[in-house]
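Given next are the chains, with one letter for each unit.
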Amino acid sequence: MLGLLRPLLVVCLYLLPPGGQGWIPGYNNGFYYQDISNGNGNGEIYFNGVRLHVESPQLSVSATRGSSVTLPCHYHYEPELTTPRRTRVKWSWLPANTVSAPASPEAFARETEVMVAMGNRHRSYGSFRGRVRLRRSAPGDMSLVINELQLNDTGRYRCEVIDGLEDESVTVDLELRGVVFPYYSKKGRYHLNFFGAQQACQDQDATLATFEQLFTAWEEGLDWCNAGWLADGTVQYPITAPRDGCGGLDLAPGLRSYGQRHRFLNRYDAFCFSASVKGTVYFLKHQKKLNFTEAVQACASDGSQIAKVGHMYAAWRLMGLDRCDAGWLADGSVRYPITKARANCGPPEPGVRSFGFPPLYLKFGVYCYR
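What counts as what
- Residues numbered from 1 in each chain as written.
- Predicted model: local features only at pLDDT ≥ 70, side-chain atom pairs only at ≥ 80, totals over all residues.
- Heavy atoms only, no water.
- Core = buried A, V, L, I, M, F, W, Y, C linked by side-chain atoms within 4.5 Å.
- Buried < 20%, exposed > 50% of the residue type's maximum accessible area, 1.4 Å probe, protein only.
- Helix = DSSP H or I, 4+ residues; strand = E, 2+ residues; numbered from the N terminus.
- Pairing = 2+ DSSP bridges.
- Axes fitted to C-alpha atoms, helices over the stretch in contact; angles between N-to-C directions.
- Disulfide = S-S within 2.5 Å.
- Phe/Tyr/Trp six-rings, centres within 6.5 Å; stacked < 30°, edge-to-face > 60°.
- Lys NZ or Arg CZ within 6 Å of the ring centre and 35° of its normal.

Enquirer: Could you clarify how one ought to interpret the nonpolar core in this entry?
Expert: Inside soluble globular proteins, nonpolar side chains tend to come together where they are buried. Counting 94 residues, the largest nonpolar core has L71, W91, V114, L144, I146, Y157 and V366 as the members making the most contacts within it. Top element by residues in this core is helix α5 (residues 309-319). It accounts for six residues.

Enquirer: Help me understand the sheet that holds strand β9 (residues 121-124) in this model?
Expert: Strand pairs in the sheet, formed through backbone hydrogen bonds, run parallel or antiparallel to each other. A sheet is described by the order of its strands in space; here six strands give the open sequence β4-β13-β12-β7-β8-β9, paired in mixed fashion. Edge positions in the open sheet fall to β4 (60-63) and β9, since each of these has one partner strand only. Strand-to-strand twist of the sheet, defined as the mean angle between neighbouring strand axes without regard to direction, takes the value 20 degrees.

Enquirer: Looking at this structure, how should I read the state of the cysteines?
Expert: Chemically, a disulfide is nothing more than a covalent bond linking the sulfur atoms of two cysteines. As enumerated under the stated definition, the model contains five disulfides in all. C73 shares a disulfide with C159; S-S distance 2.0 Å. Judged by the sign of its S-S torsion, about -65 degrees, the cystine formed by C73 and C159 is left-handed. In this pair, C73 sits in the loop between β5 (69-71) and β6 (74-78) while C159 sits in strand β12 (residues 155-163), placing the two residues 86 residues apart along the sequence. When sorted by exposure, C73 lands in the same class as C159, which is buried. Across a sulfur-sulfur distance of 2.0 Å, C324 and C345 are joined as a disulfide pair. Taking the sign of the S-S torsion, -120 degrees for the link of C324 and C345, the bridge is left-handed. One end of the pair, C324, is in the loop between α5 and β22 (327-328); the other, C345, is in the loop between β23 (334-338) and β24 (351-354), with 21 residues separating them in the sequence. Exposure remark for C345: the relative accessible area of 4% places this residue in the buried category. When the bonded cysteines of the chain are numbered from the N-terminus onward, they pair as 1-2, 3-6, 4-5, 7-10, 8-9.

Enquirer: Mind showing me how you'd approach the packing of aromatic side chains here?
Expert: In this description, an aromatic ring pair is defined by two values, namely the gap between the centres and the angle between the planes. Enumeration according to the criterion identifies 21 aromatic pairs in this entry. Judged by centre distance (5.3 Å) and plane angle (85 degrees), the ring pair of F194 and F195 falls under edge-to-face. Judged by its relative accessible area of 36%, F195 falls in the partly exposed class. Considering the side-chain rings of F194 and W229, the 5.6 Å spacing of their centres and the 75 degrees angle between planes classify their relative orientation as edge-to-face. In this pair, F194 is assigned in helix α2 (residues 194-203) and W229 in strand β16 (residues 228-229), connecting sequence segments 35 residues apart. Take F194 and W229: they sit in the same class, and that class is buried. For the cation-ring pair, R189 lies above Y190, with the distance from its terminal atom to the ring centre recorded as 4.0 Å. A cation sits over an aromatic face here: R263 above F194, 4.3 Å from the ring centre.

This is the structure we're talking about:
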């Protein structure tokens, strides 16, 4: 009777030779039942004394928008096997705005399937369909290659290798190199609920920034005393120089947080994140200054479109765009980018200078995107 109480492991027929341990003569339902009392006492279960290991040499990878990236994942057995085993590989994804560290069981349930593969057969899903493949550069290499990286591809990816009932996994975080910028409504400060902030960033070729992206921007010097939505539904703002009205002089520099706010009722600004652009942002040389309507038409006549705020920030930060001429952008704001601060070009620090949202009949230059 005691033997009946011991745990049993179901192993596919092809995994064990006939007559292997636990084989029941005269009975065949496609599986063998193998006694697994050879665990190590720490919850790790061995089959036939073999242990499956899944590892990644990089737990975090960064790349640029529109490029290709490889998320490393390798598996091997200990001790090494003499004959190959049939394994199944599954890559899944937890978007950046839902990532928490350490990952919780609830987070695993929110993961989205990216790709599954067994042997030479594979299937990709959702927005990843047709953009992902396994590298397979060596035995055990199940690294995921993602092409045409998109803004929303950031997050935590899980590489899971399944061998019968043996299941091991490793996670790799994917980050995009880009820039965080504050954004507010044409109506003024604090007019955006969470969903309005999401849409405002999207309209400017950007996404709501994650906490990690805002924290990195603060480390790089971003100081902004207006609170804005982040992708996780929190409201925060970065302060490098403590002062009255921005949390007070007694607080150390850092991110000031209002925590989670009501996504429909509460209204703030937004912190957007933009990555590199495939095209070119340029100041259109024109014989005269233009109102907003004329600016839109001038870019179209030049075979381009009027640039968005996300375009300008990405071009300034990642491509070194520097121009001391104010110009219209697609949202009706007027801005200009400075990488080398100089006289008559705004403050002594580099940045994108803003004139806000002037009346659309006023005359300025224009920044186009091609």
